[in-house]
Structure formats: structure tokens, C-alpha cells
Amino acid sequence: MFQGGGSERDSFSSKFGVIAAAAGSAIGLGNIWRFPYVAGENGGGAFLLIYLLFIAAIGIPVMMSEFVIGRSAQLNAVGAFKKITPGKKWHLVGLLGVVSAFIILAFYTVVAGWTLEYLVQSVKWMLTADKIGFAEMDNDAVRSFFSSHYESFVSGMWRPMIWFAVMMILTGFIVISGVKNGIEKYAKILMPILLVLLLVLVVRSLSLEGSREGLLFLFKPDFSTIKAAPMKIIVEALGQAFFSLSIGMGTLITYGSYIKKKENLASTAVSVAFADTAIAIVAGLAIFPAVFAFGISPDSGPDLVYITLPVIFQSMSGGLIWAFMFFLLLCFAALTSTISVLEVIVAYFSEQLKMTRKRAAILAMVSVSFLGILCMLSEDVFAVFNGSPDLLLPLGGFFIVVFIGWVLSGDTTKGELSSDGKYKTGYYKIFMFLVKFVAPLAIALLFALGVYSKVITLFPSIG
Ligand code: TRP
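An account of the accompanying structure is given in this report. Keep in mind the model is a prediction, meaning the values are calculated, not measured.

How each quantity is defined
Residues numbered from 1 in each chain as written. Predicted model: local features only at pLDDT ≥ 70, side-chain atom pairs only at ≥ 80, totals over all residues. Heavy atoms only, no water. Phe/Tyr/Trp six-rings, centres within 6.5 Å; stacked < 30°, edge-to-face > 60°. Helix = DSSP H or I, 4+ residues; strand = E, 2+ residues; numbered from the N terminus. Buried < 20%, exposed > 50% of the residue type's maximum accessible area, 1.4 Å probe, protein only. Lys NZ or Arg CZ within 6 Å of the ring centre and 35° of its normal. Near = heavy atom within 4 Å. Polar contact = N/O pair within 3.5 Å; in protein donor to acceptor, adjacent residues only side chain to side chain. Areas by Shrake-Rupley, 256 points an atom, 1.4 Å probe, with all protein chains shown as cover. Nonpolar A, V, L, I, M, F, W, Y, C, P; charged D, E, K, R; others polar. Core = buried A, V, L, I, M, F, W, Y, C linked by side-chain atoms within 4.5 Å. Contact = heavy atoms within 4.5 Å. 1 Å grid on protein atoms, 1.4 Å probe; cavity = no way out; pocket = protein on both sides within 12 Å on 5 of 7 lines; lining within 4 Å. Points joined across faces, edges and corners; volume = space filled by probe spheres on them. Salt bridge = Lys/Arg side-chain N within 4 Å of Asp/Glu carboxyl O.

**Quick word on the packing of aromatic side chains**
Then, in step 1: The tally for this structure, following the rule as stated, stands at 33 aromatic pairs.
Then, in step 2: Relative to Phe145, the ring of Phe134 has its centre 5.2 Å away and its plane inclined at 85°; by these criteria the two rings are edge-to-face. Of the two residues, Phe134 is situated in the loop between helix H6 (129-132) and helix H7 (139-155) and Phe145 in helix H7; the sequence distance between them amounts to 11 residues.
Then, in step 3: Exposure remark for Phe134: the relative accessible area of 5% places this residue in the buried category.
Then, in step 4: We classify Phe145 as partly exposed; its relative accessible area is 23%.
Then, in step 5: Look at Phe145 and Phe146: their rings are 5.1 Å apart centre to centre, the planes differ by 85°, and that puts the pair in the edge-to-face class.
Then, in step 6: In this structure, Arg34 packs its charged tip against the face of Phe243, placed 4.8 Å from the ring centre.
Then, in step 7: Cation over ring: Lys436 sits above Trp406, and NZ or CZ is 5.0 Å from the ring centre.

**Regarding unusual backbone geometry**
Then, in step 1: Located in the positive-phi region is Gln74, a residue other than glycine, with phi close to 60°.
Then, in step 2: Even without glycine at this site, Ser246 takes up a positive phi of about 60°.
Then, in step 3: Along the polypeptide, Ser246 turns up in the loop between helix H12 (230-245) and helix H13 (251-256).
Then, in step 4: On the accessibility criterion, Ser246 (13% relative accessible area) is buried.

**Focus: the site of the ligand**
Then, in step 1: If you check the shell around the ligand, you find 16 residues, and the closest are Ala26, Gly30, Tyr108, Phe243 and Ser246.
Then, in step 2: Within the side chain of Tyr108, an N or O atom sits 2.4 Å from an oxygen atom of the ligand.
Then, in step 3: Separating a nitrogen atom of the ligand from a backbone N or O atom of Ser244 is a distance of 3.1 Å.
Then, in step 4: Taking 360 Å² as the accessible area of the ligand by itself, protein coverage stands at 100%.
Then, in step 5: Of the residues assigned to the shell around the ligand, the class counts are 7 nonpolar, 9 polar and no charged.

**Quick notes on the nonpolar core**
Then, in step 1: If you look at the biggest cluster of nonpolar residues, it comprises 160 residues, and the most contacted ones within it are Leu29, Trp33, Trp114, Tyr306, Phe326 and Phe327.
Then, in step 2: Looking at which element gives the most residues to this core, the answer is helix H16 (residues 319-352), with 20 residues.
Then, in step 3: Those residues in contact with Trp114 that lie beyond four places of it in its chain are Trp33, Tyr150, Phe153, Val154, Pro302, Tyr306 and Phe382.

**As for the side chain of Glu66**
Then, in step 1: Relative to the assigned elements, Glu66 resides in helix H3 (residues 45-73).
Then, in step 2: Residue contacts for Glu66: discarding those within four places in its chain leaves Ile247, Gly248, Met249, Gly250, Thr251, Leu252, Ile253 and Ile400.

**Things to note about empty space enclosed by the protein**
Then, in step 1: According to the stated counting rule, one finds 4 cavities of 30 Å³ or more in the structure shown.
Then, in step 2: Approximately 160 Å³ is the volume found for the largest cavity.
Then, in step 3: Taken together, 16 residues form the lining of the largest cavity, with Ser25, Ile104, Phe243, Ser246 and Val341 sitting closest to its centre.
Then, in step 4: Of the residues contributing to the lining of the largest cavity, the split by class is 9 nonpolar, 7 polar and no charged.

**Concerning helix H20 (residues 410-417)**
Then, in step 1: Looking at H20, one finds that the buried residues are Thr413, Gly415, Glu416 and Leu417.
Then, in step 2: Ser419 sits one or two positions beyond H20 and adopts a positive phi of about 50°.

**What to know about the pattern of salt bridges**
Then, in step 1: Going through the model one piece at a time under the given rule, you end up with 8 salt bridges.
Then, in step 2: The partner of Arg159 in a salt bridge is Glu117, with the nearest N and O atoms 3.0 Å apart. Placement of Arg159 in helix H8 (residues 158-177) and of Glu117 in helix H5 (residues 91-127) is noted, with a sequence separation of 42 residues between them.
Then, in step 3: Glu236 is paired through a salt bridge with Lys232; the nearest N and O atoms lie 3.7 Å apart. With Glu236 and Lys232 both in helix H12 and 4 residues apart, this pair spans about one turn of that helix.

Scope: geometric values only; no functional claims are made or implied.
Dropping the structure here:
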């Protein structure tokens, strides 16, 4: 897999390999770090409801569309559009994806680096638990211990940068050396373990005193929160749905180009979306009960998970061993996502600009590192980069569904979805209705709202 273009173009080895790779891309910090805090900032249950609707009605159709484009063209995100519609401007959609990949990879790798810091710290906390005096602390003290650790860590310079560099190099190394026998193999074992660990956390979190409120927060839609800030909630739910599924950027066009003709694209998309959503909800179930039990504020932002989880771990017997395992797996989940973002850039550089994969990866890593440093030096840059998927990904997704709905021939689409008649496509009419009308209209509307709402948060005087 991932061995460049031409006739030797490689592909995923099995159905499970396809799902593991695509789910590996989808499942990551987006589920465990970003979903809980974005849901927390947007009122919990009401956000979840809208989010689920977007996954089903827009997310899955976009994902299928990306697979169709990638597999029918057998090329990277830019090359695919060039091949299918030569001489037209559609390849700009692919280029937009490459640009988005740089931005997303920059802030994502920063947060991925935090998992390494927590990995190391959890060992230290474990060894010095007596000295720190966890046993004598009350909830407030535990919470403030971890939140001041987080503050001093992210506001420091060197540690975040070192961890960023480590993540970047690991990502580059895997992308350069190919993944079939490496990450793909481990993904199959480690992702299920991550789920089990999350479930352990859920049990612990639910058993804390005062946890019920967290459940209500996550599952009971409070429509007054929607009324208070409808635009923000809807726009961020769509952005989070795109981000979490890894769509709207050409990642799954690129991965689609490595999927064998005999695989069923529709069922793959549904399985991936299902697994991704399940992990996000389980993460929410682990986090919100503890958030309420410890009096953490659910809308505290990007630090939510990095403070809440250590707090839960510390309260468990053998606690910090769990923490170590958890952050190890989270780091791995992040890595299977970072490689999928880097792969978009590397496939483009190597196939379209005729670079070697190694050169392409190094060039990409160096430029992403500059952007990453900006994110680490300035909280504002970090916030802008981290908010950008809310607009960039739906924009890309809009053109992708329009392309499938209105440009690519129905025969090609049907041929890909059915693998030339091998699979039934009873859903085809509904799918076409979604990609022709529902998804483009909904995305266009929300994109306009999104631009408006981001502009008024940046320049409040206009609103
Ligand atoms: N989906 C990943 C996550 O939830 C992040 C990610 C990987 C991504 N590849 C992407 C997001 C492509 C957008 C586009 O952690």
C-alpha cells in the first residue's frame, strides 16, 4: 500500500484492512479530544442530536462519494479530478484539500504531541503519588493539580515542541516506509483495545458520585441551548462531523484509490461511520459523568479531556497504570490519523509533481512544522487553525457531492458502488437524492452561516 502511482500502484490487502485503515484515519483525537469539548461548549445533548443527523444524511454520502472518485480514478485527490474531467477546474477541489491538510496536520500534531507528554507524566505521577499526596486530596485539589499541570505544560515552549517533533517524525517515517505490514497490522489489534479501555473508563466514570448529571447533559437535548446560539451549534456540529469522519479533504479519495475493485464501498463507508460515531459517544460517556462529578466546567474548551481524564485515572485503583495504557493507545489512534492526512500531501506531491515519496514527505513535514510552531507560540493561531475545519471541510465536501451528483456519469458511480454488478445498490436513488440536492443545499447554507458566525466572533462590532 501507498507505494506511489503507475502500474505498480499498491492496494489494501483485505476488506478488514480497508476498514481498519479508513477507521484508523477517522478514529483519533477528533473523537476523544475534540468531540467531547465541542459538544460540551455547545450544550451536550442538543449538539449530539444534530451531529448524528449530519453523520447520517451528509457524512456517509460524502464518504461514499470520495471513495467513488478515488477508486474510479486510481489517483491522489488532485490527479483524480484531472483525470476524470481533463481541462476543467475541478482539480482545484483537490488542491483545496491539500491546503487543508497542511493546516489540519499542523494543529493536530500539536495535540497528538500532548498524548506523549501525558504518557511520560503518568509514569512520573504513578511513581511519585505518595509525595504528591493524591490520597489526601479532595476533588477540588485533584482537579486543580491537573489543570495547573496542563497550563504550565502548554504555555511552556520546549516540551510541546519536542513532542510535536517526535509525532511528526513518527508520522513521516511510517508514510515513507509504507504501511501494509506496519500500522495496518497494529491498527487491527490496538483499536479494539482502545475501545475496551474506554469502556473501563466509562464504568469508572459512571460509578462516581454525581455522575448522573453528566449522562443527562450528554443525552438529554436541552433545546434552549440551541435557541441561544443556533448558528454556532449547527455549524460546529457539521464541522465536527466532517472532521471526525476524515471527509471533505480528499483523504478518502486518496484511500479510495487504494481500495480493490471487489470491495463494497457503501458498506465500508457505513461501517467506518458507525465505528467512528460509537467511539465518540463512548468517549463522551467516559468524560461527562466525571466532568460533573468533579465539578469541571463542560465548556472549558480544548483542555477538557486533558484535565478530566487524569482526574478519573487518579481516582481508580491502579489508576495511573490505566492512564499510561490509555495515552499510549490515544497516541496510536492519533498516529493512524496523522498518517492519513500526510498521505494526502505525499500522494499529491509524488504523483502530480513527480517527487519521490521520501522527498515529498520531508518537504511536507518541514512546512507543516513551521505552521505547527506558530500554533504552539500563539493560542490565537491555534484557535484559528483548530476552528478552520468547520469551514474548510464542508467547502470541500460541497464540491465533492456536487461532482458526484452532477458531473460524474451515473454509470461510473453505479459501477463503483456495485463493483460492476457484484453488489446490490437498492439505496442508489436515495443516495443520489442526497448528493444532488440535500447535501449540497444543506452544506451551502451552513457554510454561509458559518462564515457569518466566524466573522462576527472575530469582529463582534459587525453583529
Ligand atoms: N478524523 C480524524 C480524527 O477524528 C482526523 C483526521 C484524519 C482528519 N484525517 C483527516 C480530519 C482528514 C479531516 C480530514 O481524529
